[in-house]
Amino acid sequence: MEMRRYIKHSAVWWILAAVFAAAAVFCAVKAVAVEKNRRAVEPAPLVVGEEQLDDYRYIDVQYMTEWIYRVTRGDGEVEMFYIAWDTDGYGYLTRLTDEQYAGFADIVAYTNSEDAALPDIPGQSGQGAAPLSADIPAADLPAADTPDDAPVSAPAPVRLAGMICAIPEDYLADISSSNGITEEDFLDYYGDYFIDATMTPADLENGFLVGAVFAVSFAVMFLSIALTYANQLGKELKRLKKAGLLERAESEFHYLQGDTRADALVSTAFIYGRHMNLVLPLTDVLWVYRHEMKLLFFRSLVVQLMTYDGRVYGLKLSWGSSRRTADAIVQAVAARSPEVLVGLTRENHRLYDQQVPRIKQQYIRVGLIWAIWIVAAIVLNVVLRLLWA
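This structure is a prediction, so every number in the text was calculated from the model and none was measured.

> Account for the overall build of the protein chain, with residues named and values stated.
When you go through the protein chain residue by residue, the secondary structure sums to eleven helices and 14 strands. Looking at the 389 residues of the protein chain, the share that counts as buried comes to 37%. Within the protein chain, contacts between residues at least 6 apart in sequence are counted, and of these 63% link residues at least 24 apart. For the protein chain, the computed accessible surface area is about 22,900 Å², with 58% contributed by carbon and sulfur atoms.

Following this line, the structure appears as structure tokens:
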């Protein structure tokens, strides 16, 4: 068991998987609570001067125009904007669906009648004699239910509730020009926000839900790594047991002289990698060399061990290890196995390819595994985008 504790991979992956799993559960519980609270929220009256983005507010609409701006987004969704006035005479830019707009038919008809006493509107001459947007086709005007000379009574105000959202900068110029006023006048009169009646608090992005998705993703990833290392250790021990070398490997490790905190220990017949699931008979090693990996400003040293049957073991040294340490491990392996190829050279690479057919070389299989991970990451990214859309 002493040898197994030395070579067994660090439990950090199990710990990370547990931490992210706990975080996923916490975020999921919070996300459900947030969604429940949001669905129970009732809109509050909109008070001019106290508006805040993402507030859920309502106004009692007394007047409303036909659509003043229409835009089709990249995903095909059509957005329709209108101007509405409340019972206090304040004007607001609003966004509604066609179904919601149909509920204001009487309000719109009254707004376009000669009897409507509209508030003062920048850029408009007269009150109620014509539609408030010159770009609106005649076919879009509400049908009159009364003769032209009959007075139209003011309908009861209709409540409009929605989220307070900022006006997109790309829309502002077209919206203000459709009203025949400058952007500055539009912002001064209607404000820099609009009431989105197509949204409720439940439609806002739930940060806890996003956190839960990410936490689950990381938990699954770290759990997969932990299970991979656990499976790797089992395979190595089973391989030794099948060859009748397990007891000898444990015995040699027990009597081995050396610092058990070292990255690797080499006995007369085995090399042991600390926390690397590595206990390898030296007779299996065909090629050994020091390899230095660099990523930006980070550097790590790896002792690469290639076997006769195409297996590849990367003995990664701890942070701060010197090349001398790596070379000492390489020389220790070479001293106990004279036939091993030593050093990363073109000649050794040729000799290795001669003795190990490429179809058996593990780095090809490792490349396939990396390709599978990349495809899985792409699929996960697409799924997350669809969930957040």
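> An account of the nonpolar core is requested, with residue identities and associated values reported.
One finds Tyr69, Phe81, Ile83, Leu93, Ile167, Ile175 and Phe186 to be the most contacted residues of the largest nonpolar core, which totals 24 residues. Counting residues per element, the ones that place at least two in this core are strand S2 (56-64), strand S3 (69-72), strand S4 (78-86), strand S6 (158-166), helix H5 (169-178) and helix H6 (183-190). With residues near it in sequence (within four places) discarded, Phe186 still touches Ile83, Leu93, Ile167, Leu172, Ile175, Ser176, Asn179, Ile181 and Gly191.

> I'd like to hear about the pairing of S3, residue by residue, with values.
Taken residue by residue, a regular strand's side chains alternate between the two faces of the sheet. Every second residue of S3 is oriented toward a common face, the buried set being Tyr69 and Val71 and the non-buried set Arg70 and Thr72. The pairing of S3 with S4 spans four bridges and is classified as antiparallel. Each residue of the ladder has a partner; that of Val71, found in S4, is Glu79. A loop of five residues connects S3 with S4, the two strands running antiparallel in sequence, and Gly76 in this loop sits at a positive phi of about 90°.

> So what about a nonpolar patch on the surface? Which residues, and what values?
Judged by side-chain polarity, Trp14, Leu223 and Leu227 come together as a nonpolar surface patch covering roughly 280 Å² of accessible area. With respect to the helices and strands, Trp14 occurs in helix H2 (residues 12-40). Classification of Trp14 as partly exposed rests on a relative accessible area of 40%.

> Tell me about the pattern of salt bridges, and name the residues and values.
Under the definition given, this model contains 15 salt bridges. The shortest N-O distance in the salt bridge between Arg159 and Asp60 comes to 3.0 Å. Here Arg159, found in strand S6, pairs with Asp60, found in strand S2; they are 99 residues apart in sequence, far enough to count as distant. Judged by relative accessible area, Asp60 falls into the partly exposed class, the value being 26%.

> Give me the lowdown on the packing of aromatic side chains, citing residues and values where you can.
One pass over the structure, following the stated rule, counts 19 aromatic pairs. Between Tyr69 and Phe81 the ring centres are 6.1 Å apart and the planes differ by 40°, which places this aromatic pair in the tilted class. Within this pair, whereas Tyr69 is found in strand S3, its partner Phe81 is found in strand S4, the two being separated by twelve residues in sequence. Phe81 carries the same exposure label as Tyr69, and that label is buried. Relative to Tyr272, the ring of Phe253 has its centre 5.1 Å away and its plane inclined at 65°; by these criteria the two rings are edge-to-face. On the criterion of sequence distance, the pair formed by Phe253 in helix H8 (residues 246-254) and Tyr272 in strand S9 (residues 270-273) is long-range, its members being 19 residues apart. An identical accessibility class is assigned to Phe253 and Tyr272; each is buried.

> So what's going on with the sheet that holds strand S8 (residues 264-266)? Residues and values would help.
Strands sit in the order S8-S9-S10 across an open sheet of three strands; the sheet is antiparallel. Strands with a single pairing partner mark the edges of an open sheet, and in this sheet they are S8 and strand S10 (278-281). For this sheet, the mean angle separating the axes of adjacent strands, direction not counted, is 10°.

> Give me the pairing of strand S7 (residues 193-196): which residues, what numbers.
Burial along S7 is two-sided: Tyr193 and Ile195 and Phe194 and Asp196, pointing in opposite directions, are all buried. Across three bridges, the pairing between strand S5 (residues 91-95) and S7 is parallel. Across the sheet, the residue bridging to Leu93 is Phe194, located in S7. Bridging between S6 and S7 involves four bridges; their strand directions are antiparallel. Directly across from Ala166, in S7, lies its bridge partner Tyr193.

Procedures and definitions
- Residues numbered from 1 in each chain as written.
- Predicted model: local features only at pLDDT ≥ 70, side-chain atom pairs only at ≥ 80, totals over all residues.
- Heavy atoms only, no water.
- Helix = DSSP H or I, 4+ residues; strand = E, 2+ residues; numbered from the N terminus.
- Buried < 20%, exposed > 50% of the residue type's maximum accessible area, 1.4 Å probe, protein only.
- Contact = heavy atoms within 4.5 Å.
- Areas by Shrake-Rupley, 256 points an atom, 1.4 Å probe, with all protein chains shown as cover.
- Core = buried A, V, L, I, M, F, W, Y, C linked by side-chain atoms within 4.5 Å.
- Pairing = 2+ DSSP bridges.
- Patch = residues over 30% accessible without salt bridge, like charges linked within 9 Å, V, L, I, M, F, W, Y side chains within 5 Å.
- Salt bridge = Lys/Arg side-chain N within 4 Å of Asp/Glu carboxyl O.
- Phe/Tyr/Trp six-rings, centres within 6.5 Å; stacked < 30°, edge-to-face > 60°.
- Axes fitted to C-alpha atoms, helices over the stretch in contact; angles between N-to-C directions.

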